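# Observations on the three-dimensional arrangement
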Amino acid sequence: MADTEVDTVQFNSLIDEFRFTRVLSSNPQTKLISLLGTIQGKDAIVTLEKTHFQFDTVVANPESSTMSLHQCESEFSCMNSIEKMKPIANNDIYFWGMSVMKQDLELNPTAKINLIWPATKVHVEKFDKQLFHIVRETPEVYKRIVKPYIDEMVNNGRLKWVNNILHSGAESDRVVYKYFDEKSPDDGFVVLPDMKWDGCNLDALYLVAIVHRTDIKSLRDLRPEHQQWLIDMKNKIKSVIPSCYNYLISADQLRIFIHYQPSYYHFHIHIVNVRHAGLGDGIAVGKANLIEDVIENLNYMGPEGYMNRTMTYVIGENHALWKNGLQAELEQQLKEDGIPEPPVIINDFA
Ligand code: G7M
């Protein structure tokens, strides 16, 4: 089978073989639930996401994520698709109840299913419920704690999916835009739908731009000399992406940002419809850095760029960096800042 074809049979049978272990996380706001289970004895993570409603909206042709868009109020538009209704109550001018809506695998699917199999410990820890903290990463903390972790992550096969996209034609039928000039191969990049996006509902548009160069692992590696490269990439994205979607989204409706810490240490950029708010912490401060701000910040940094900056971000207790030193670092930082430790709360209700 070519790399670009989706192996429907394999996907179906893997989902059939999934044996549930426990719920990793569940979010009623984003309508997402992640389950841990096993398939053939190996850890598997299934994430289910209820799809958004359609109403006179733009639906991309499921065969392609780019040009073939149609705008319609069809039998699947939200009001037209109501098949059954059961009232719950009413009061004065207020009425509420439940409904069953018409579903169709191509035109109005119920949910998007993501499977990671075999899932590594890092995957399970990322999806698992956990407490989060705000921590300051100084340049010294970066060198001592974070850099060794990145070096390990880059060499442990976690970037296989990135290399598959860049060099082995994976997801090539979904690529929205490719820039490559033999004279400057380092400037090359590929834009394609992020695996978080169903590729249909433009309100939830989520693309990822993956660069060809391998010397930039994260925001930390950006220096003033990269500023023009970032500007060019941002301008290409803003010029091309609206045209890929028949200008139903405009350049100023693209939220373009970079995660720190990212999950994958090969430089990539998130491109999301500004209307899309249901992304959990993915677009929150303490994680997402707008590309415009990054470009601007490079004006005020020395030649070492982000390497000399203190970065403040959110880290989960399951993250290896937390256990590898950021927890101890945070305790030290709070002490140095003179922030008192919280009182020990004794539960004597028992
Ligand atoms: O947090 P970080 O900046 O590392 O985000 C990486 C992004 O890559 C996330 O938004 C993922 O949903 C996306 N992503 C991860 N994988 C494994 C894939 C993949 O195989 N294909 C595509 N298209 N996107 C991916």
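In this text, all values refer to a predicted model and were calculated from it rather than measured experimentally.

## Regarding the domain arrangement of the chain
- Domain assignment breaks the chain into domain 1 (1–112) and domain 2 (130–337).
- Each of domain 1 and domain 2 was reduced to a C-alpha centroid, and the two centroids are 27 Å apart.

## A closer look at the nonpolar core
- Counting residues in each nonpolar core, the largest one holds 58 residues, and the members touching the most others are Leu 222, Leu 230, Tyr 245 and Phe 267.
- Within the second largest apolar cluster, 10 residues are counted, among which are Ile 165, Leu 192, Val 208 and Ile 210.

## Notes on the UniProt feature "active site" (unreviewed entry) in the chain
- Annotation from UniProt places "active site" (unreviewed entry) at His 268.
- Relative to the helices and strands, His 268 resides in strand β14 (residues 268–273).
- His 268 sits in the buried class, given a relative accessible area of 12%.
- In this view, His 268 contacts Val 208, Ala 209, Ile 210, Ile 258 and Pro 262; residues no more than four positions away in its chain are not counted.
- Polar contacts involving the side chain of His 268 include one to the main-chain carbonyl oxygen of His 266, which spans 2.6 Å.

## Notes on the side chain of Lys 112
- Residue placement: Lys 112 occurs in strand β8 (residues 111–116).
- Among buried charged residues, Lys 112 stands out as having no salt bridge; its nearest opposite-charge side chain is Glu 49, 4.3 Å away.
- In this structure the side chain of Lys 112 is engaged in a polar contact, spanning 2.8 Å, whose partner is the side chain of Asn 114.
- Of the polar contacts made by the side chain of Lys 112, one reaches the backbone oxygen of Lys 196; its length is 3.4 Å.
- Residues within four places of Lys 112 in sequence aside, it is in contact with Thr 47, Leu 48, Glu 49, Thr 51, Met 195, Lys 196, Trp 197 and Asp 198.

## Focus: the site of the ligand
- The environment of the ligand is made up of 13 residues, and the closest members are Asp 194, Lys 196, Ser 263, His 268 and His 270.
- Within the side chain of Glu 171, a nitrogen or oxygen atom sits 2.7 Å from a nitrogen atom of the ligand.
- Contact between the ligand and His 268: an oxygen atom at 2.5 Å from a side-chain N or O atom of the residue.
- In isolation the ligand offers 550 Å² of accessible surface; the protein chains occlude 89% of this area.
- Looking at the shell around the ligand residue by residue, the classes come out as six nonpolar, four polar and three charged.

## So, the sheet that holds strand β3 (residues 42–50)
- Spatial strand order, β1-β2-β3-β8: four strands in an open sheet with antiparallel pairing. If you trace the sheet from one side to the other, it starts and ends with β1 (19–27) and β8, each paired once. Strand-to-strand twist across the sheet, computed as the mean angle between neighbouring axes with direction ignored, equals 20°.
- Across the sheet, helix α1 (residues 8–17) lies against β1, β2 (32–39), β3 and β8, angled at about 80° from β8, the strand it touches most.

## Some points on the sheet that holds strand β12 (residues 206–211)
- If you trace the six strands from one edge of the open sheet to the other, you get β10-β11-β12-β14-β13-β15, paired in antiparallel fashion. At either end of the open sheet lies a strand with only one pairing partner, and these are β10 (177–179) and β15 (288–290). With strand direction ignored, the average angle separating the axes of adjacent strands in the sheet is 25°.
- Two strands pair when backbone bridges link them, and strand β13 (residues 254–259) and β15 are joined in this way by three bridges, in the antiparallel orientation.

## Details of the side chain of Glu 329
- Along the chain, the position of Glu 329 falls in helix α7 (residues 320–336).
- Setting aside anything within four residues of it in sequence, one finds Glu 329 in contact with Val 141, Arg 144 and Ile 145.

## Points about the environment of Glu 304
- You can see Glu 304 is positioned in the loop between α6 (291–297) and β16 (311–316).
- For the pair Glu 304 and Asp 221, spaced 83 residues apart in sequence, the C-alpha to C-alpha distance is 8.4 Å.
- Excluding its chain neighbours within four sequence positions, the residues that come into contact with Glu 304 are Leu 222 and Arg 223.

## As for the environment of Phe 20
- With respect to the element layout, Phe 20 can be found in strand β1.
- The residues contacting Phe 20, other than those within four sequence positions of it, are Leu 35, Leu 36 and Gly 37.

## Observations concerning the pairing of β1
- Examined bridge by bridge, β1 and β2 share seven bridges and lie antiparallel to one another. Directly across from Ser 26, in β2, lies its bridge partner Ile 33.
- Connecting the antiparallel pair β1 and β2 is a turn made up of four residues, with Lys 31 showing a positive phi of about 55°.

## A closer look at a nonpolar patch on the surface
- Nonpolar side chains collect at one region of the surface, where Ile 88, Ile 93, Tyr 94, Trp 96 and Met 98 lie side by side and expose about 600 Å² of accessible area between them.
- Here the nonpolar patch takes three residues from strand β7 (residues 94–101), the largest share from any one element.
- Note on placement: Ile 88 falls in strand β6 (residues 82–91).

## With respect to unusual backbone geometry
- With an omega of -10°, the peptide bond between Trp 117 and Pro 118 qualifies as cis.
- Along the chain, Pro 118 turns up in the loop between β8 and α2 (121–127).
- Note the cis peptide between Tyr 260 and Gln 261, where omega equals -10°.
- Relative to the assigned elements, Gln 261 resides in the loop between β13 and β14.
- Unusually for a residue other than glycine, Tyr 247 sits at a positive phi of about 60°.
- Residue placement: Tyr 247 occurs in the loop between α5 (227–244) and β13.

Conventions we followed
Residues numbered from 1 in each chain as written. Predicted model: local features only at pLDDT ≥ 70, side-chain atom pairs only at ≥ 80, totals over all residues. Heavy atoms only, no water. Domains from an automatic or database assignment. Core = buried A, V, L, I, M, F, W, Y, C linked by side-chain atoms within 4.5 Å. Buried < 20%, exposed > 50% of the residue type's maximum accessible area, 1.4 Å probe, protein only. UniProt positions renumbered as here; feature names shortened; annotations may be inferred. Helix = DSSP H or I, 4+ residues; strand = E, 2+ residues; numbered from the N terminus. Contact = heavy atoms within 4.5 Å. Polar contact = N/O pair within 3.5 Å; in protein donor to acceptor, adjacent residues only side chain to side chain. Lys, Arg positive; Asp, Glu negative; His and termini not counted. Salt bridge = Lys/Arg side-chain N within 4 Å of Asp/Glu carboxyl O. Near = heavy atom within 4 Å. Areas by Shrake-Rupley, 256 points an atom, 1.4 Å probe, with all protein chains shown as cover. Nonpolar A, V, L, I, M, F, W, Y, C, P; charged D, E, K, R; others polar. Pairing = 2+ DSSP bridges. Axes fitted to C-alpha atoms, helices over the stretch in contact; angles between N-to-C directions. Patch = residues over 30% accessible without salt bridge, like charges linked within 9 Å, V, L, I, M, F, W, Y side chains within 5 Å.

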